[in-house]
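Now for the letters of each chain:
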Amino acid sequence: MGSSLEPSSLRRLEFQEELYEVEIGVNKELDTPFLRLSYSSLTTPRTQYDCDLRILGQDEGLTEVWQQRVPNFDPSKYTCRRFFAKAPDGTQIPVSMVHLKSLGTEDGAQWQPRPCLLYGYGSYGICVDPGFNVHILPYLDRGLVYCIANI
């Protein structure tokens, strides 16, 4: 890899899910064309990828090297999305939501009000990223909706 970074060499790395978190992982080799990434979403357990910077932007640029094992977890059973809640002062608050697909969609005929476990944090400019949390699965499997309000 070259020792300089030219603006024309920058590429956007895109993922399929609407809500996720990505972090740069530990790279112990200084001179390597690979960048270790850690990916997670509300419906995808922590996954480590090697990103080949020589071919980034092409489908084969990411190689999965590890994924958190979660016994009896089927990601196809869940869905997540982001919406905005309006605060009393008119501020739009981003909220990440995950629930069983079988509950339907909020704008569909099937949707019925459900119990919700709402989590929020926002002090010191820190928000909660929409990453995988194995501890909420028992609640989701019982029909609760889990929301993270980034206040």
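Not measured: the values here are computed from a predicted model.

Cut-off values and rules
Residues numbered from 1 in each chain as written. Predicted model: local features only at pLDDT ≥ 70, side-chain atom pairs only at ≥ 80, totals over all residues. Heavy atoms only, no water. Patch = residues over 30% accessible without salt bridge, like charges linked within 9 Å, V, L, I, M, F, W, Y side chains within 5 Å. Areas by Shrake-Rupley, 256 points an atom, 1.4 Å probe, with all protein chains shown as cover. Salt bridge = Lys/Arg side-chain N within 4 Å of Asp/Glu carboxyl O. Helix = DSSP H or I, 4+ residues; strand = E, 2+ residues; numbered from the N terminus. Buried < 20%, exposed > 50% of the residue type's maximum accessible area, 1.4 Å probe, protein only. Pairing = 2+ DSSP bridges. Axes fitted to C-alpha atoms, helices over the stretch in contact; angles between N-to-C directions. Core = buried A, V, L, I, M, F, W, Y, C linked by side-chain atoms within 4.5 Å. Contact = heavy atoms within 4.5 Å. Polar contact = N/O pair within 3.5 Å; in protein donor to acceptor, adjacent residues only side chain to side chain.

Draft legend 1. A look at a nonpolar patch on the surface. A contiguous nonpolar patch, built from Tyr119, Tyr121, Tyr124 and Ile126 and spanning about 490 Å² of accessible area, is present on the exposed surface. Turning to its location among the elements, tyrosine 121 is positioned in strand E7 (residues 116-121). Judged by relative accessible area, which is 32%, tyrosine 121 ranks as partly exposed.

Draft legend 2. Spotlight on unusual backbone geometry. In this model, asparagine 72 sits at a positive phi of 60°, which is unusual for a non-glycine residue. Along the polypeptide, asparagine 72 turns up in the loop between strand E4 (62-67) and strand E5 (78-86).

Draft legend 3. Just the sheet that holds E4, in detail. Read from one edge of the open sheet, four strands run E1-E2-E3-E4, paired in antiparallel fashion. The open sheet has two free edges, formed respectively by strand E1 (21-24) and E4, since each of these has just one partner strand. Ignoring which end each strand starts from, the neighbouring axes of this sheet average 30° apart.

Draft legend 4. Seen up close, the nonpolar core. Tyr78, Val98, Leu137 and Leu140 are the most contacted members of the largest nonpolar core, which totals 23 residues. Mapped by element, the contributors of at least two residues to this core are E5, strand E6 (92-100), helix H1 (137-141) and strand E8 (145-150). The residues touching leucine 137, leaving out its near neighbours within four places in the chain, are Val70, Phe73, Tyr78 and Phe132. The next biggest cluster of nonpolar side chains, apart from the first, holds five residues, and it includes Phe15, Leu37, Tyr49 and Cys51.

Draft legend 5. Structural context of the side chain of serine 41. Relative to the assigned elements, serine 41 resides in strand E2 (residues 34-41). A polar atom in the side chain of serine 41 sits 2.9 Å from the side chain of glutamate 17. One polar contact links the side chain of serine 41 to the main-chain amide nitrogen of threonine 44, over a distance of 2.9 Å. Discounting residues that sit within four places of it in the chain, serine 41 has contacts with Glu17, Leu19, Tyr20, Pro130, Gly131 and Phe132.

Draft legend 6. The arrangement of the pattern of salt bridges in detail. Applying the stated criterion to the full structure yields four salt bridges. For arginine 36, the salt bridge is made with aspartate 50, and the minimal N-O distance between the two is 2.6 Å. Within this pair, whereas arginine 36 is found in strand E2, its partner aspartate 50 is found in strand E3 (residues 44-52), the two being separated by 14 residues in sequence. Note on arginine 36: relative accessible area 26%, which makes it partly exposed. Residue classification places aspartate 50 among the buried positions, given a relative accessible area of 18%. The partner of aspartate 52 in a salt bridge is arginine 54, and the shortest N-O contact between them spans 2.8 Å.

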